[in-house]
Amino acid sequence: MNGYKALALATCLSMATGTATAEEGFYYGGALGFAKLESQSAGIGRTEGQDATLGVVLGYRFSHDDQSWFGVEGTLDGTTGQRMTTVGVPVESCSDESPDWCEVRGIARVRGVYGAKVTSDIEVLSMVGVAAVAGLAEDGVGNYVDTTATGLTIGVGGQRPMGGGMGRLEFVYDRFEGSNPGDFEKTLEIFSLRTVFTF
């Protein structure tokens, strides 16, 4: 069983019971997930990889009516720093094959969240906002530098009461164009499956 399936199964089992309800106000929690990483430099090459993520969540929930709510949420995910590999060449990134991202170390997001009840205790969620990423990238032959970028984030998910809080499973897509430093144009896409538990 791969990491994504194990994560989804564990979340479904853990969300099977619980009686807590979410109310208007601040909430906070933690997140565990897996991320697939893809980077491409214009007309030169590509790198890809995957990594586990561990993060924190802080948000504020505003009640709209009995069936829906909206909020503002910030997330910060760290990774284990797994090195990406060069597509088409059996070598690690940062090996002078293409000026792309080599590893992702952290992802920060600020996003709006909209939630709507589909049953008495299950809510579906949609999220959109801005994101920033930090890591290591190749910016020329032998030039492997700490790199940052900003971009957009979107996501969908579902949550329900679990224990004394709320359990959530969400899929998030982040896209970053350009980088700092950025002598070579590059993009980075991150596809994340995250389990979130909030109080």
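Residues numbered from 1 in each chain as written. Predicted model: local features only at pLDDT ≥ 70, side-chain atom pairs only at ≥ 80, totals over all residues. Heavy atoms only, no water.

With that out of the way, let us pick up the side chain of Ser93. Within the secondary structure, Ser93 sits in the loop between strand 4 (85–86) and strand 5 (101–117). Residue Ser93 is classed as buried on the basis of its relative accessible area of 2%. Discounting residues that sit within four places of it in the chain, Ser93 has contacts with Thr47, Arg83, Met84, Thr85, Thr86, Trp101 and Cys102. (Helix = DSSP H or I, 4+ residues; strand = E, 2+ residues; numbered from the N terminus. Buried < 20%, exposed > 50% of the residue type's maximum accessible area, 1.4 Å probe, protein only. Contact = heavy atoms within 4.5 Å.)

Moving on to the pairing of strand 5. As paired strands, strand 3 (residues 68–79) and strand 5 are joined by 11 bridges and run antiparallel to one another. Bridged to Leu76 within strand 5 is Ala108. In the sheet, strand 5 pairs with strand 6 (residues 123–138) via 15 bridges, with the strands oriented antiparallel. Bridging from a neighbouring strand, Gly112 pairs with Val128 of strand 6. Counted between consecutive antiparallel strands, the loop separating strand 5 from strand 6 contains five residues. (Pairing = 2+ DSSP bridges.)

A few words on the state of the cysteines. Summed over all chains, the structure comprises one disulfide. Paired through a disulfide, Cys94 and Cys102 show a sulfur-sulfur distance of 2.0 Å. Looking along the S-S bond of the Cys94-Cys102 disulfide, the torsion reads about 95°, which is the right-handed sense. Classification of Cys94 as buried rests on a relative accessible area of 11%. (Disulfide = S-S within 2.5 Å.)

In this structure the tally under the stated criterion is six aromatic pairs. The interplanar angle of 55° and the centroid separation of 4.6 Å between the aromatic rings of Tyr60 and Phe62 together place this pair among those described as tilted. Relative accessible area serves as the criterion here: at 25%, Tyr60 is assigned to the partly exposed category. Here a set of aromatic residues connected by ring pairs shows up, and it is made of Phe26, Tyr60, Phe62 and Phe70. (Phe/Tyr/Trp six-rings, centres within 6.5 Å; stacked < 30°, edge-to-face > 60°.)

For the chain, per-residue confidence averages 89 on the pLDDT scale, and residues scoring 70 or more make up 89% of the total. The model gives residues 3–21 a pLDDT under 50, and that stretch makes 40 contacts with residues more than four places away or in other chains. (pLDDT = per-residue confidence, 0-100.)

As enumerated under the stated definition, the model contains 17 salt bridges in all. Here Lys36 ties to Glu38 by a salt bridge, and the two come within 3.8 Å at their closest N and O atoms. Note that Glu73 and Arg111 form a salt bridge whose closest N and O atoms lie 2.7 Å from each other. A residue pair is termed long-range when its members are at least 10 positions apart, and Glu73 in strand 3 and Arg111 in strand 5 qualify at 38 residues. Given the relative accessible area of 1%, Glu73 is considered buried. (Salt bridge = Lys/Arg side-chain N within 4 Å of Asp/Glu carboxyl O.)

A cluster of nonpolar side chains, contributed by Phe62, Phe70, Val72, Val110, Tyr114, Val130 and Leu152, occupies part of the molecular surface with about 640 Å² of accessible area. Those elements that provide at least two residues to the nonpolar patch are strand 3 and strand 5. Secondary-structure assignment places Phe62 in strand 2 (residues 45–65). Since its relative accessible area comes to 31%, Phe62 is described here as partly exposed. (Patch = residues over 30% accessible without salt bridge, like charges linked within 9 Å, V, L, I, M, F, W, Y side chains within 5 Å. Areas by Shrake-Rupley, 256 points an atom, 1.4 Å probe, with all protein chains shown as cover.)

So, about unusual backbone geometry. The peptide bond linking Asn180 to Pro181 adopts the cis configuration, its omega dihedral lying at -5°. Its place among the elements puts Pro181 in the loop between strand 8 (165–177) and strand 9 (186–198). In this structure, Asp96 takes a positive phi of about 65° despite not being glycine. Inspection of the secondary structure puts Asp96 in the loop between strand 4 and strand 5.

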